[in-house]
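# Descriptive structure summary
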Amino acid sequence: MAGANISEVRIAAAHDGEAELLVTLTFANGGRSLVTLDEFAARTLLASTNSSTSDQLIGVSWDQVRDALIASSNRFTEHTA
C-alpha cells in the first residue's frame, strides 16, 4: 500500500459496544480502502502521531496505520522464555 494516506476518519461502535476508528486510506491512483482499528490500535495510532483528536490523523501514512494494527495484534501474543 505504498503511497496510501488517511483521507477520512470516523468513529463507530463495534459489536461489543466499544469504540472503533474507521479510517479511509486513499492511494496515489485514487483508489480507496477502509480499515477498522480497534480501541487499542486507535490509541496507539493517536499516540504515535502525537494526535489528540481523530481529525489530526488526516494525511497520516499507511505505514503508521499498519504499525498500530501490528501493536494491537501483538498484545495477544504470549511471550514465553
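Our subject in this report is the structure included herewith. Here the residue index of a chain counts from 1 through its sequence in written order. In keeping with the model being predicted, local features are shown solely for residues with a pLDDT of at least 70 and side-chain atom pairs are shown and tallied solely at 80 or more, while totals for entire chains, interfaces and linings include all residues. To obtain the side-chain values, all non-hydrogen atoms of the structure were included, while hydrogens and water were left out.

## Details of the overall build of the protein
Definition in use: Helical segments are the DSSP runs of H or I of at least four residues, strand segments are the runs of E of at least two, and each set is numbered from the N terminus. Throughout, exposure labels follow a simple rule: accessible area from a 1.4 Å probe, protein chains only, divided by the maximum for the residue type, with under 20% read as buried, over 50% as exposed, and the rest as partly exposed. For this analysis, residues touch if any pair of their heavy atoms sits within 4.5 Å. A positive count includes Lys and Arg, and a negative count includes Asp and Glu. His and the chain ends are not counted in either. Charge positions come from single atoms, namely NZ of Lys, CZ of Arg, CG of Asp or CD of Glu.
A count of helices and strands for the protein gives two helices and three strands. Overall, the protein shows an N-to-C arrangement of helices and strands of β-β-β-α-α. Taking the principal axes of the C-alpha coordinates as reference, the protein spans close to 45 × 30 × 25 Å. The proportion of buried residues among the 81 residues of the protein is 28%. In the protein, 41% of the contacts between residues at least 6 apart in sequence involve partners at least 24 apart. Put simply, the protein has 5 plus and 10 minus side-chain charges, and the middle of one group is 5 Å from the middle of the other.

## Brief notes about the pattern of salt bridges
The cut-off we apply is this: Any Lys or Arg side-chain nitrogen located within 4 Å of an Asp or Glu carboxyl oxygen qualifies as a salt bridge.
By the definition in use, this model includes six salt bridges. One salt bridge in this structure joins Arg-32 and Glu-8, with 3.2 Å as the shortest N-O distance. Here Arg-32, found in strand E3 (residues 32-37), pairs with Glu-8, found in strand E1 (residues 5-13); they are 24 residues apart in sequence, far enough to count as distant. Residue Glu-8 is classed as partly exposed on the basis of its relative accessible area, which comes to 29%. Here Arg-75 makes a salt bridge to Asp-38, at a shortest N to O gap of 3.3 Å. Separated by 37 residues along the polypeptide, Arg-75 in the segment after helix H2 (62-74) and Asp-38 in the loop between E3 and helix H1 (39-48) bring together distant segments of the chain. Since its relative accessible area comes to 27%, Asp-38 is described here as partly exposed. Overlapping salt bridges bring together Glu-8, Arg-10 and Arg-32 as one network.

## A look at the layout of surface pockets
Cut-off, in case you're wondering: As defined here, a cavity is a set of points on a 1 Å grid over the protein atoms alone where a 1.4 Å probe fits but cannot get out. A pocket is an open set with protein on both sides within 12 Å along at least five of seven lines, and residues line them when an atom is within 4 Å of a point. Grid points are joined across faces, edges and corners, and a volume is the space filled by probe spheres set on the points. Polar here means any residue other than Ala, Val, Leu, Ile, Met, Phe, Trp, Tyr, Cys and Pro, which are nonpolar, and Asp, Glu, Lys and Arg, which are charged; Gly is therefore polar.
In this structure, the largest pocket encloses a volume near 160 Å³. In terms of lining, the largest pocket is formed by Ile-11, Ala-19, Glu-20, Leu-21, Glu-39, Ala-42, Arg-43, Leu-46 and Ser-54. Broken down by element, the lining of the largest pocket gets its largest block of residues, four residues, from H1. Class assignment for the residues of the lining of the largest pocket results in five nonpolar, one polar and three charged.

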